[in-house]
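# Chains, contacts and geometry: an overview
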Amino acid sequence: MGITTEKEPQLSPEELESLWADYKKIGDVNAKHCILLHYNYLVKWIVRRVMPKYSEYSEYDDLVSCGILGLIDAVDKFQLKHNVKFETYASLRIRGEILDYMREQDWAPPSLRSKITAINKAFEKFENKNGISATEQEVADSLNMQLEQVQEILAQAHMFNLMNFEDTLDTINYSFRGQEESTPEDELLLQEQKERITEAIDLLPERERLAVTLYYYEGLLLKEIGNILNVSESRVSQMLSKALLKMRRALKNDV
């Protein structure tokens, strides 16, 4: 997955290698501090990606604080002998810490949660009955709602569906977040997971597939994806929300 940032880290690979050696071999606290500062951009980048557009449901500073805890944990537990980039390892732990926090928060009122659940169930019911994905208009008609209302709720449901999707992948993420070393079984499970995700993405309509690819594999923000697709940030959120819901159903059906 690509990572885009507004400000690239300043330390060279050689400087980083030296700092890692100092911290891991002799426990140099100053070296650890420099490593954390260098990778702090990861925290802010991940927060900007997982934070809902509707910011009243979450506080930016709180999410950054959670992300920093994940980064500290990653620096402490990362093993230099691992054949994996630290950015990949740290991103999983940072993201996991943030999502764990958001699961504990009452980020949406019960009335909104019930509407999100009703819309998700309507999509699933239509697909089970007809074998194809429902349009937003068809879901709106089935629930006696206006199309604009369904689209607005889908945009707000992005975080809800993101967390549910992450829950579906939880056993995989735990292998990398909860253990210092992954086993061959973990690696095989991860490879199988990647293959199932690829298959689920391939089943998506073209524009949803492109939005998911740009978001997960190219690491773009919603605004950046909107500029490419020539739609609003809110519309991208709607597209991702629907795509995550479909992918989650596909992955659950494969289990």
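In this report, we go over the structure that sits alongside the text. The structure presented is a predicted model; accordingly, all values stated were derived computationally and were not measured.

### A few points about the overall build of the chain
- Each helix and strand in the chain was counted, giving 14 helices and 0 strands.
- The order of α-helices and β-strands along the chain, N terminus first, is α-α-α-α-α-α-α-α-α-α-α-α-α-α.
- Within the span of the chain, comprising 255 residues, buried residues form 45% of the whole.
- Summarising the internal contacts of the chain: among those between residues at least 6 apart in sequence, 69% fall at separations of at least 24.
- Split by element, the accessible area of the chain, about 13800 Å² in all, is 50% carbon and sulfur.

### Section: the packing of helix α12 (residues 206-217) against helix α13 (residues 222-229)
- It is the contact of α12 with α13, at a shortest axis distance of 10 Å, that shows an interaxial angle of 140°. On the basis of their axis angle, the class for α12 and α13 is oblique. Every pair of crossing elements has a handedness; the one defined by α12 and α13 is right-handed. For the pair α12 and α13, the contacting residues are Arg-207, Leu-210, Ala-211, Leu-214 and Tyr-215 in the first and Leu-222, Ile-225, Ile-228 and Leu-229 in the second.
- A per-class count over the contact of α12 with α13 returns 8 nonpolar, no polar and 1 charged.

### Brief notes about the pattern of salt bridges
- Applying the stated rule across the entire model yields 7 salt bridges.
- In this structure, Lys-77 engages Asp-73 in a salt bridge whose closest nitrogen and oxygen atoms are separated by 3.4 Å. Taken together, the residues Lys-77 and Asp-73, both in helix α4 (residues 60-77) and 4 residues apart, mark about one turn of the helix.
- Lys-246 is the partner of Glu-208 in a salt bridge, and the nearest nitrogen-oxygen pair spans 3.0 Å. Note that Glu-208 is positioned in helix α12 and Lys-246 in helix α14 (residues 233-254), a separation of 38 residues in sequence.
- Through salt bridges with shared partners, one network takes in Glu-136, Glu-208, Arg-235, Lys-242 and Lys-246.

### Brief notes about the packing of aromatic side chains
- All chains considered together, the criterion is met by 6 aromatic pairs.
- Members of the aromatic cluster, joined through ring pairs, are Trp-20, Tyr-39, Tyr-41, Phe-78, Phe-86 and Tyr-89.

### Describing α13
- Within α13, the full set of buried residues consists of Leu-222, Ile-225, Gly-226 and Leu-229. Here the buried residues of α13 occupy an arc of 105° about the axis, which is enough to place them on one side. In α13, those exposed residues whose orientation departs by more than 90 degrees from the buried face are Lys-223 and Asn-227.
- One or two residues past the end of α13 sits Asn-230, with phi positive at roughly 60°.

### A look at unusual backbone geometry
- With phi around 55°, Asn-144 is a residue other than glycine that occupies positive phi space.
- Along the polypeptide, Asn-144 turns up in the loop between α7 (136-142) and α8 (147-156).

### Topic: the side chain of Ser-91
- With respect to the helices, strands and loops of the structure, Ser-91 is situated in helix α5 (residues 86-104).
- Of the polar contacts made by the side chain of Ser-91, one reaches the backbone oxygen of Glu-87; its length is 2.6 Å.

### What to know about the side chain of Gln-238
- Considering the arrangement of structural elements, one finds Gln-238 in helix α14.
- One polar contact links Gln-238 to Arg-235, side chain to side chain, over a distance of 2.5 Å.
- Other than its neighbours up to four places away in sequence, Gln-238 contacts Glu-136, Gln-151, Glu-152, Leu-154 and Ala-155.

Conventions adopted
Residues numbered from 1 in each chain as written. Predicted model: local features only at pLDDT ≥ 70, side-chain atom pairs only at ≥ 80, totals over all residues. Heavy atoms only, no water. Helix = DSSP H or I, 4+ residues; strand = E, 2+ residues; numbered from the N terminus. Buried < 20%, exposed > 50% of the residue type's maximum accessible area, 1.4 Å probe, protein only. Contact = heavy atoms within 4.5 Å. Areas by Shrake-Rupley, 256 points an atom, 1.4 Å probe, with all protein chains shown as cover. Axes fitted to C-alpha atoms, helices over the stretch in contact; angles between N-to-C directions. Parallel < 35°, antiparallel > 145°, perpendicular 65-115°, else oblique. Left-handed = near helix turned anticlockwise from the far one by under 90°. Nonpolar A, V, L, I, M, F, W, Y, C, P; charged D, E, K, R; others polar. Salt bridge = Lys/Arg side-chain N within 4 Å of Asp/Glu carboxyl O. Phe/Tyr/Trp six-rings, centres within 6.5 Å; stacked < 30°, edge-to-face > 60°. Arc of directions from axis to C-beta. Polar contact = N/O pair within 3.5 Å; in protein donor to acceptor, adjacent residues only side chain to side chain.

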